[in-house]
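Fold and geometry: a report
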Amino acid sequence: MNVTNFAPLFQRNAVFSPGQTLFQPKNDALNQISDRLLGEQEKNPRDLKDRFDTLELSEAAAASQEDRTLEEMPEGLLRYYLNLCRVGACISQQNETSLTEYRDQLTAFDETIQGYQDILDGRAEMPTGMDRETMSALLERTRAARAQFLQEGAETLNRLGREAPTPKGFLRGACETLTGSKENGDRWQIDPEAEDIYGEIDRALDSARKTTSAFQRGASTCLHELKKRDCLRAGEEIDPDEPEVVRASVFQELYEAVWTTLRRGPKAED
């Protein structure tokens, strides 16, 4: 079969075009955050060992001071929480992007499948150079590729959902003080067998957005308190809503596998 007939599927987002990637990774996400948060200090090197050995910045110290009010928190502890909130928000936003990518790709599949079906049902014109047999085979392969992406993509997303940071997991007893809420956020998962897969994705997105928002509120709280104390450092006052960190598509290997399915057709059942 001439694989150029797959072109309608690719026009929406080009993710299956050979040799292309959907997102080009910049650098490791956490390294980017660290570079941005600590860039000014690195321009004027300090004793890093002394800085990171400071008791106030240690996890044990944070745990021992969780019941402090915001005003009572030491400056170092506020910065510790600020960094945790920024990392948490960044990871959660990246998960939102992956969920949206999954939804958009399924939409592209469904629109393409419907288009092929319309041709076979006589509601649309058969493309020049194609016949009914070729179109039927193309439809079968596209459906198989969609089923593969639906299942394996959900597995990838569910791993992200299980490993995703939560406000209480990161901030523990200081969660309510910093975010204004006792809620920890739901651990979202995708059921690929759900009758309404788009509703399933929307529920996961809603949960991820709530987690992102909680971390952003925490970062804003820390920044506000540091600013009130007049102890903000150069480069610290960055908009917590826009971490500007890009992660490579988590589906890149899956796209390669789906492309193979489109070219060769579904695997035969044992």
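Residues numbered from 1 in each chain as written. Predicted model: local features only at pLDDT ≥ 70, side-chain atom pairs only at ≥ 80, totals over all residues. Heavy atoms only, no water.

1. Section: the overall build of the protein
A tally of regular secondary structure across the protein gives 10 helices and zero strands. The order of helices and strands in the protein, counted from the N terminus, is α-α-α-α-α-α-α-α-α-α. Counting across all 270 residues of the protein, residues that qualify as buried make up 46%. Of all intrachain contacts in the protein linking residues separated by at least 6 positions in sequence, the fraction that spans at least 24 positions is 77%. Carbon and sulfur atoms make up 46% of the accessible area of the protein, which amounts to about 14700 Å² in all. (Helix = DSSP H or I, 4+ residues; strand = E, 2+ residues; numbered from the N terminus. Buried < 20%, exposed > 50% of the residue type's maximum accessible area, 1.4 Å probe, protein only. Contact = heavy atoms within 4.5 Å. Areas by Shrake-Rupley, 256 points an atom, 1.4 Å probe, with all protein chains shown as cover.)

2. Topic: the nonpolar core
Core analysis: the biggest nonpolar cluster contains 23 residues, and Leu99, Tyr102, Phe149, Leu157 and Ile190 have the highest contact counts within it. For this core, the secondary structure elements donating two or more residues are helix H5 (75–120), helix H6 (132–163), helix H9 (197–228) and helix H10 (252–264). Broken down by element, the residue count for this core peaks at six residues, all from H6. Among all residues touching Ile190, those that are not within four sequence positions of it are Leu99, Tyr102, Ala154, Leu157, Asn158, Ile197, Glu200, Ile201 and Ala204. Counting 20 residues, the second largest nonpolar core, distinct from the first, contains Leu84, Leu171, Cys175 and Leu178. (Core = buried A, V, L, I, M, F, W, Y, C linked by side-chain atoms within 4.5 Å.)

3. Some words on H5
With 46 residues, H5 ought to run about 68 Å at 1.5 Å a step, and its terminal C-alpha atoms sit 68 Å apart, in line with that. Taken across its 46 residues, H5 has 34 buried, putting it largely inside the fold. Backbone geometry just downstream of H5 places Gly122 in the positive-phi region, at approximately 85 degrees. (Expected span 1.5 Å × (residues − 1).)

4. Remarks on the environment of Ala144
Its place among the elements puts Ala144 in helix H6. Linking Ala144 and Val258, residues 114 residues apart in sequence, is a C-alpha distance of 8.7 Å.

5. Let's talk about the confidence of the model for the protein
On average, residues of the protein carry a pLDDT of 78, and 69% of them reach 70 or more. The lowest-confidence element of the protein is helix H3 (residues 48–53), averaging 43 in pLDDT; the highest-confidence one is H6, averaging 95. Per-residue pLDDT stays below 50 along residues 1–34; that stretch engages in 77 contacts with residues further than four places along the chain or on separate chains. Under a pLDDT of 50 for its full length, residues 36–57 has, in the predicted model, 25 contacts with residues more than four places off or in other chains. (pLDDT = per-residue confidence, 0-100.)

6. A few points about H10
Between its first and last C-alpha atoms H10 spans 19 Å; for 13 residues at 1.5 Å apiece the expected length is 18 Å, and the two agree. All of the buried residues along H10 are Gln252, Leu254, Tyr255, Val258, Trp259, Thr261 and Leu262. For H10, the arc enclosing every buried residue in end-on projection is 160 degrees, short of the 170-degree limit, so these residues lie on one face. Away from its buried face by more than 90 degrees, H10 exposes Glu253 and Arg264. (Arc of directions from axis to C-beta.)

7. Section: the packing of aromatic side chains
By the definition in use, this model includes eight aromatic pairs. Centroid distance Phe109 to Phe149: 6.1 Å. Interplanar angle 45 degrees. Geometry classified as tilted. Note that Phe109 is positioned in helix H5 and Phe149 in helix H6, a separation of 40 residues in sequence. Grouping residues by exposure puts Phe109 and Phe149 together as buried. Taken together through their ring pairs, the aromatic side chains of Tyr102, Phe109, Phe149, Phe251 and Tyr255 make up a single cluster. (Phe/Tyr/Trp six-rings, centres within 6.5 Å; stacked < 30°, edge-to-face > 60°.)

8. So, the pattern of salt bridges
A side chain with one charge can pair with a side chain of the opposite charge if their charged atoms come near. Applying the stated criterion to the full structure yields 12 salt bridges. Several salt bridges converge on common partners, so that one network encompasses Arg103, Asp104 and Asp202. (Salt bridge = Lys/Arg side-chain N within 4 Å of Asp/Glu carboxyl O.)

9. Quick word on the environment of Ser213
Mapping Ser213 onto the fold places it in helix H9. Given the relative accessible area of 29%, Ser213 is considered partly exposed. Residues Ser213 and Ala89 lie 124 residues apart in sequence; the distance between their C-alpha atoms is 7.4 Å.

10. Examining unusual backbone geometry
The phi torsion at Arg172 lies on the positive side, around 50 degrees, for a residue other than glycine. Along the polypeptide, Arg172 turns up in the loop between helix H7 (167–171) and helix H8 (175–179). Here the phi dihedral of Asp230 falls at roughly 60 degrees; this positive angle occurs in a residue that is not glycine. Along the chain, the position of Asp230 falls in the loop between H9 and H10. Given the relative accessible area of 72%, Asp230 is considered exposed.

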